[in-house]
Amino acid sequence: MDERTRYFRRLKRLRGAARRWSVLGAGFTGAAVVLTPYAGIGIADAAWAAAAGGSAVLAWFRWSDHRELAATPAPPPPPPAIGSPKLTAALERIPAGRTVLQEVRRQKNRYALRGSAIADSWDRLDRASQTMAGLSGLLTGLGEPAAIEAAGAEQWLRELGQRVASVERAIPLSHPDRREVLERSHAGLAEQFTEGVLEYENLVAAAASYVAEDGHPVADSRHPAYFGLIEAADRLRGFAEGLAELRTNEIKIPSERAGSADTSK
């Protein structure tokens, strides 16, 4: 059961308990008011009054708990489930399916870090890894080892981020005497993660520079494909002009023949 479902179930239970105690309090109060004048004040009347007062107090506490919980924002909805292993394997064989699964996994990992101190750094890591995924296929030759290093660094950073989030969730549960030590450990892990994300971003920027420079095989020159595009455009333009001229001549020839026929008559 996710936290959002647990939140609304608890809210529903508190509302139901508050209503029940309100009804009981009203019933006991009405009974005490009606029965007391008939027999005077006795032990039974004291019991009715005590039950009415206790029910009213419990109803007030339940309504207070309900209002306090309702004022707390509800947890965000959980990410969608990836599905069965067979469905996952089928989607992995389709390029669009792999993209969907990667996005679902990314949202699932991001959901686990909600409210964490490293949430912003985790988002930066996501953006940098997506950029690196687009550059990895272009890192050839001397740049190929960088793609392998980036993949290993990303895996390490994601494991470290999950570790930081787990330690952070355990801080409120720790004993007050050990909390300070745990907070220092968490701060050290968070700093290491943030610095690692910064270096990963620098690696992605360097990879982008390499890919940009690798696109110029010779300094101050164009790629052969560029000149091929120019030649193809000129060739097609010449074909189009030739066809236009041929069509114009076909239109002029019949009109000239018709003029010569009129002269002969």
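Everything in this summary refers to the structure shown in the same document. (Residues numbered from 1 in each chain as written. Predicted model: local features only at pLDDT ≥ 70, side-chain atom pairs only at ≥ 80, totals over all residues. Heavy atoms only, no water.)

**Topic: helix α7 (residues 176-214)**
For clarity, the threshold we go by: The numbering of helices and of strands both runs from the N terminus, where a helix is a DSSP run of H or I of at least 4 residues and a strand a run of E of at least 2. Take the residue count of a helix, subtract one, and multiply by 1.5 Å to get its expected span. To sort residues, take the accessible area from a 1.4 Å probe on protein chains only and compare it with the maximum for the residue type: under 20% means buried, over 50% means exposed, and anything in between is partly exposed. Note on definitions: a residue-residue contact is assigned when non-hydrogen atoms from the two residues lie within 4.5 Å.
Here α7 is 39 residues long and its end C-alpha atoms lie 57 Å apart, about the 57 Å a rise of 1.5 Å per residue gives. Taken together, the buried positions of α7 are occupied by H186, A190, F193, G196, V197, Y200, V204, A207 and V211. Buried residues in α7 make contact with α5 (119-136) and α6 (144-170).

**Structural notes on the pattern of salt bridges**
Keep this limit in mind: Salt bridge criterion: a side-chain nitrogen from Lys or Arg within 4 Å of a carboxyl oxygen from Asp or Glu.
This structure, assessed with the given rule, holds 5 salt bridges. With a shortest N-O distance of 2.8 Å, D234 and R237 are connected by a salt bridge. A residue pair is termed a helical-turn pair when its members lie 3 or 4 positions apart in one helix, as D234 and R237 do in helix α8 (residues 224-264) at 3 residues. Counted as one network, the salt bridges with shared partners bring together D126, E154 and R158.

**Section: a positive patch on the surface**
The test is simple: A patch consists of residues whose relative accessible area exceeds 30% and which take part in no salt bridge; residues with like charges are grouped when within 9 Å of each other, and nonpolar side chains (Val, Leu, Ile, Met, Phe, Trp, Tyr) when within 5 Å. Surface exposure here means Shrake-Rupley accessible area, sampled with a 1.4 Å probe, where a residue is shielded only by the protein chains that are shown. For the purpose of counting charges, residues Lys and Arg are taken to be positive, whereas Asp and Glu are taken to be negative. His and the chain ends are not included. Each charge is placed at NZ for Lys, CZ for Arg, CG for Asp and CD for Glu.
On the surface, R9, R10, K12 and R13 cluster together to form a positively charged patch. Position of R13 among the secondary structure elements: in helix α1 (residues 3-39). Its relative accessible area of 54% is what places R13 among the exposed residues.

**Some remarks on the nonpolar core**
Note the threshold: Throughout this description, the term nonpolar core refers to a set of buried Ala, Val, Leu, Ile, Met, Phe, Trp, Tyr and Cys residues connected via side-chain atoms within 4.5 Å.
Ranked by size, the top nonpolar core spans 21 residues in total, and within it M132, F193 and Y200 carry the most contacts. Those elements that provide at least two residues to this core are α5, α6 and α7. A per-element tally of this core places α7 first, with 7 residues. If sequence neighbours within four positions are ignored, M132 has contacts with L139, A146, A147, A150, Y200, V204 and A207.

**Things to note about α5**
With 18 residues, α5 should cover 26 Å at 1.5 Å per step; its first-to-last C-alpha distance of 25 Å lies within 8% of that length. Among the residues of α5, A119, S121, W122, L125, D126, A128, S129, M132 and L135 are the ones counted as buried.

**A few points about the side chain of H186**
Stated formally: Under the rule applied, a polar contact is a pair of N or O atoms within 3.5 Å (in protein, one hydrogen donor and one hydrogen acceptor; residues adjacent in sequence only if both atoms are side-chain atoms).
Its location among the elements puts H186 in helix α7. For H186, a relative accessible area of 10% corresponds to the buried category. Within polar-contact distance, the side chain of H186 engages the side chain of E168 at 3.2 Å. Excluding residues that lie within four positions of it along the chain, H186 makes contacts with A117, V164, V167, E168 and I171.

**With respect to the packing of α5 against α7**
The description of two packed helices rests on the angle between their axes and on the distance between the axes. This is how it is decided: Under this scheme, a helix contributes an axis fitted over its contacting stretch, all axes are lines through C-alpha atoms, and angles between N-to-C directions fall in the 0 to 180 degree range. In these notes the angle categories are as follows: under 35 degrees is roughly parallel, over 145 is roughly antiparallel, 65 to 115 is roughly perpendicular, and the rest is oblique. Crossing handedness: left-handed means the near helix sits turned counterclockwise from the far one by under a right angle, and right-handed means the same turn made clockwise.
Put simply, α5 and α7 touch, their axes get as near as 10 Å, and they point 25° apart. One way to sum up the angle between α5 and α7 is to call them roughly parallel. Once α5 is placed against α7, the crossing between them reads as left-handed. Note on element contacts: α7 touches α5 through F193, T194, V197, L198, Y200, E201, V204, A207, A208 and V211, opposite S121, W122, R124, L125, A128, S129, T131, M132 and L135.

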